[in-house]
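Structural overview
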Amino acid sequence: MHHRPWQDTSLPAETRAAELLSAMTLEEKLAQLVGLWPGSDAGHDDDADVAPMQSQVNSGSPDLSALLPHGLGQLTRPFGTAPVDPSEKARALADDQRKIAAANRFALPALVHEECLTGFAAWRAAIFPTPLAWGASFHPELIEEAARLIGASMRAVGVHQGLAPVLDVTRDPRWGRTEETIGEDPYLVATVGTAYVRGLESAGIVSTLKHFAGHASSRGARNHAPVSMGPRELADVVLPPFEMALREGGARSVMSAYHDIDGVPTSGDPRLLTQLLREDWGFTGTVVSDYFSVSFLELTHRVAGSPAEAAVLALAAGVDVELPAQRCYGTPLLKAVQSGEVAEELVDRAVLRVLRQKAELGLLDPDWSPVPPALADGGTVDLDPPAMREVARRIAEESVVLLANDQGALPLAPRGRIAVAGPLADDIAPLMGCYTFPRHVGIRHPELPVGLPIRTPVEALRAELPDADIDVVTRPADAVGADVCVMVAADRSGLFGRGTSGEGCDATDLELPDDQGTLLDELLATGVPVVLVLLTGRPYALGRWADRLAACVQAFFPGEEGGSAVAGVLSGRVNPSGRLPVGVPRHTGAQPWTYLAPPLGQRGDASSIDPGALYPFGHGLSYTEFTWSDAGADADALDTDGATTARVTVTNTGERAGTEVVQLYLHDPVARTARPVNRLIGYARVDLAPGSCAEVAFAFHAELAGYSLGNGHHVVEPGALELRFGASSGDLRHSVPLTLTGPERHVGHDRRLRCPATVRATARTTARTNGA
């Protein structure tokens, strides 16, 4: 059977894409650069939007009879727009794909994308902990496994692209989307985010990095607000996670963001989307717009006077695909090309990238079938199988952070009276972030069952401590007589003001939401020991209660198994090993400094405000004890192109097995720009039985000490350094001096980004282990 050149699977994807491009009309080319969002305007108003200004911008689905003969680039969120049975929808999607392919002369199907920030955002799909919990786990390998499973579940129903992960680095936790970030440190965000990318891509899903770049750095932490940022902060804080996810993770897509930087909207910035991303970094995948961000060049930024001008600006900058639906890249762009306002070569550039990706996904193959293998012969799909739930449980358990246990109230006694308070203590809402299906879409369908077995915090605690007398109290007076009170302080995730955390749910300060601080004060006034459990999407200021709590536990929207994970920590079944990916502030308004502040950003005599955290980045306690010893490096001097190994030994000196998280920080005493006092460059989770030891070795290269000069140059300079081993950014245990020698080096985008760690058990054990 004779196949057309673009169907020849023996040819490279680039060649096949170019062959197909050469056969297309202008209308057929433009059809590949737009999406279709069925059901997105079906009888709802602003209160139901899942994208900003959705009801205003989305002027209705185009006439399919006119659109489909030219083809279709993308299908937007067939599973994530309304509640649908996954197996039934997968079959309906296959039917839609048949119609799409049959309607155009090249038999091209659409590329299907979905959200997958906390798991596949579909009804009855597994709900994983939010990305801030990924960061708290300090366990990239586990996050990669989660992403692989999530990606496989998406491919099983015919999805090709996932709009995740979020690689924005937290700069001000008042930002509502803090829950979607991995943390405040670029190295943690980079390593954990890259692991998620690897997992998705290994399952055949195109991973989309967002939001490129700097979206979390807005003035006043307001969503979509302008960003004021110099080139050094962009280079040293914002960009490294994207660099690593592209270089090491193999991400095949990047999403342009909503905001502007110094007045230039990122979705219309060729320096960012073409010069940096493609010319400097060598990225060859697709750039997709955040939903309606091409239109926003006209409607909110007002740097374009019409949809056509917005299309020309975005396309020239490097935005290949307009999502979620066509408005600017349809007829307006067609007329702009025909009139000569924009060169057709720019259209060809974008279409070639789209077609190459479709070739890689098998969508140009002659034997392409719209029916996923899982649905062949009448099969069904399970989007919450035991294997996914098990990984969701492990992430939840490993991400719970024990902030304080000053009075030894934890673990809770297995018997006795426990009063549980808090408006959401017996609700599943505080377990789920804003991109989980129940909080993203299901909240509009109150009649809809959640579709998954999920225990509320109270239900989980009762299952965990069956011999305890556990009462939910609504008034502080009802707690009198209890042995302990567990106060659940929680966020309600939502969208655009419909929650206390989530996209568009920004906070004016870091007080506990919904007046829960007042309830906590009243509970403490009873004299009953209070264990505070935080189930939130951001850190909240806890300074006013710091010395009054019996214990304090932090979890960040821990997902479908989160209630049981938190209950396991409270009971002692789970030895907590989570570490803070963001500092917990002391004061409600002391932000927006993160731990990465230079000397003048730290506490000092020049200001009456102490911006330091109550619990710093990297902090977390355990139910066992660890000692650190024998810190050092194989060399005390190395060339600016040299490497050495830094080591420390960790011993579990307590009574039970536990996990220590060893963190390696860099201190640069003198530099040409004001540098962070401490900066994370490596970390390792160390699992230890009682009495056992392990040596943790970090492969340090001098390039990890480099930084940006703000002029496009990244420099590694000779001079003194310190490698600091810490249990947190505020608990530094050992310092190892190093001297870099030789010439100053300018390094490019091939520089080393990672400090690999190796954990090796040692023979030295304590008497307790020998006698066990």
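Residues numbered from 1 in each chain as written. Predicted model: local features only at pLDDT ≥ 70, side-chain atom pairs only at ≥ 80, totals over all residues. Heavy atoms only, no water.

Re the overall build of the protein chain
Along the backbone of the protein chain there are 21 helices and 29 strands. Projected onto the principal axes, the alpha-carbon positions of the protein chain cover approximately 75 × 70 × 50 Å. Across the 772 residues that make up the protein chain, the buried fraction comes to 63%. Restricting to contacts in the protein chain with at least 6 residues of sequence separation, those with at least 24 account for 79%. Carbon together with sulfur atoms contributes 50% to the accessible area of the protein chain, which is approximately 26,700 Å² in total. Side chains of the protein chain carry 65 positive and 96 negative charges; the gap between the two charge centres is 1 Å. (Helix = DSSP H or I, 4+ residues; strand = E, 2+ residues; numbered from the N terminus. Buried < 20%, exposed > 50% of the residue type's maximum accessible area, 1.4 Å probe, protein only. Contact = heavy atoms within 4.5 Å. Areas by Shrake-Rupley, 256 points an atom, 1.4 Å probe, with all protein chains shown as cover. Lys, Arg positive; Asp, Glu negative; His and termini not counted. Charge placed at Lys NZ, Arg CZ, Asp CG, Glu CD.)

Quick look at helix α9 (residues 231-238)
Taken together, the buried positions of α9 are L234, A235, D236, V237 and V238. Where α9 is buried, its residues touch α8 (186-202), α10 (240-247), β7 (260-261), β24 (707-708) and β25 (714-716).

Some remarks on the side chain of E201
Looking at the secondary structure, you find E201 in helix α8. Accessibility expressed as a relative area gives 14% for E201, which makes it buried. Not counting residues within four places of it along the chain, the set of residues in contact with E201 comprises V206, S207, G249, G250, A251 and R252.

Observations concerning the pattern of salt bridges
Going through the model one piece at a time under the given rule, you end up with 50 salt bridges. Note that R573 is salt-bridged to E397, the shortest N-O span being 3.3 Å. One end of the pair, R573, is in the loop between α20 (562-571) and β16 (584-585); the other, E397, is in helix α16 (residues 386-399), with 176 residues separating them in the sequence. Classification of E397 by relative accessible area gives buried; the value is 12%. With a shortest N-O distance of 3.3 Å, D471 and R417 are connected by a salt bridge. Highlighted residues: D471 in strand β12 (residues 468-472) and R417 in strand β11 (residues 416-421), separated in sequence by 54 residues. Under the relative-accessibility criterion, D471 is labelled partly exposed at 27%. (Salt bridge = Lys/Arg side-chain N within 4 Å of Asp/Glu carboxyl O.)

A short note on the pairing of strand β13 (residues 484-490)
Counting buried positions along β13 yields seven of seven residues, so the element is predominantly enclosed. Of the two faces of β13, the one holding V484, V486, V488 and A490 and the one holding C485, M487 and A489 are both buried throughout. The pairing of β11 with β13 spans four bridges and is parallel. By the bridge assignment, V420 is partnered in β13 with V486. In this structure, β13 lies alongside strand β14 (residues 530-536), joined through six bridges in parallel fashion. Bridge pairing in β14 links A489 to L534. (Pairing = 2+ DSSP bridges.)

Quick notes on the sheet that holds β12
Sheet architecture is open: six strands sit in the order β10-β15-β14-β13-β11-β12, paired in mixed fashion. A strand with exactly one partner marks an edge of an open sheet, and here the two such strands are β10 (401-404) and β12. Within the sheet, the average angular offset between the axes of one strand and its neighbour, ignoring direction, is 20°. Sitting on the sheet, helix α19 (residues 516-525) touches β11, β13 and β14, and the angle it makes with β13 is about 175°. Against the sheet, α20 engages β13, β14 and β15 (551-556), with an angle of about 155° to β14. (Axes fitted to C-alpha atoms, helices over the stretch in contact; angles between N-to-C directions.)

Focus on the packing of aromatic side chains
One pass over the structure, following the stated rule, counts 15 aromatic pairs. Relative to F242, the ring of F212 has its centre 5.0 Å away and its plane inclined at 75°; by these criteria the two rings are edge-to-face. You can see F212 sitting in strand β5 (residues 206-212) and its partner F242 sitting in helix α10, a full 30 residues away along the chain. Considered together, F212 and F242 belong to a single accessibility category, that of buried residues. (Phe/Tyr/Trp six-rings, centres within 6.5 Å; stacked < 30°, edge-to-face > 60°.)

Points about the sheet that holds strand β27 (residues 731-741)
Pairing within the open sheet is mixed, and its five strands lie in the order β19-β27-β26-β21-β22. The two strands at the open ends of the sheet, each matched to only one other strand, are β19 (637-639) and β22 (679-688). Strand-to-strand twist of the sheet, defined as the mean angle between neighbouring strand axes without regard to direction, takes the value 30°.

Structural notes on helix α18 (residues 457-464)
Side chains three or four residues apart in an α-helix point the same way, a direct result of the helix having 3.6 residues per turn. Turning to α18, its buried residues are P457, V458, A460, L461 and E464. The arc enclosing the buried residues of α18, seen along the axis, measures out at 160°, which places them on a common side. Looking at the buried side of α18, the elements it contacts are β11, β12, β14 and α20. (Arc of directions from axis to C-beta.)

Quick notes on the confidence of the model for the protein chain
Low-pLDDT stretches of the model should not have their predicted coordinates read in fine detail. Mean pLDDT over the protein chain stands at 94; residues scoring 70 or higher make up 96%. Within the model, the stretch residues 765-772 combines pLDDT values under 50 with eleven contacts to residues more than four positions away or in other chains. (pLDDT = per-residue confidence, 0-100.)

Remarks on the packing of helix α13 (residues 307-317) against helix α15 (residues 344-360)
Where α13 contacts α15, the axes come no closer than 10 Å and their chain directions differ by 60°. As judged from the angle between their axes, α13 and α15 are oblique. Considering only the axes of α13 and α15, their crossing is left-handed. Taken together, the residues of α15 that come into contact with α13 (itself represented by L315, A316 and A317) are L346, V347, R349 and A350. Here the contact of α13 with α15 is composed, by residue class, of six nonpolar, no polar and one charged. (Parallel < 35°, antiparallel > 145°, perpendicular 65-115°, else oblique. Left-handed = near helix turned anticlockwise from the far one by under 90°. Nonpolar A, V, L, I, M, F, W, Y, C, P; charged D, E, K, R; others polar.)

Quick look at the pairing of strand β3 (residues 111-114)
Side chains L111 and H113 project from β3 onto one buried face, and the interleaved V112 and E114 project onto a second face that is buried too. Both strand β2 (residues 74-76) and β3 contribute to a ladder of three bridges, which runs parallel. Note on β3: the bridge partner recorded for T76 is H113. Regarding topology, helix α5 (residues 86-103) serves as the crossover connection from β2 to the parallel β3, and that connection is right-handed. Direction of pairing for β3 relative to strand β4 (residues 161-162): parallel, over a ladder of two bridges. Bridge assignment links E114 to a residue of β4, and that residue is G162. (Right-handed = clockwise from strand over helix to strand, strands pointing away.)

Concerning the environment of R751
In this structure, R751 sits in the loop between β28 (745-747) and β29 (757-761). Given a relative accessible area of 7%, R751 falls into the buried group. Distance in space between the C-alpha atoms of R751 and H701 is 9.9 Å, their sequence separation being 50 residues. Beyond its immediate stretch of four places on either side in the chain, R751 contacts E243, R247, E703 and H714.

So, the packing of helix α1 (residues 13-22) against α15
At a closest axis distance of 8 Å, the pairing of α1 and α15 adopts a crossing angle of 125°. Relative to α15, α1 is oriented oblique. Relative to α15, α1 is oriented so that their crossing is right-handed. Where α1 abuts α15, its residues A13, E14, R16, A17, A18, L20 and L21 lie against D348, V351, L352, L355, R356, A359 and E360. For the contact of α1 with α15, the residue count by class is nine nonpolar, no polar and five charged.

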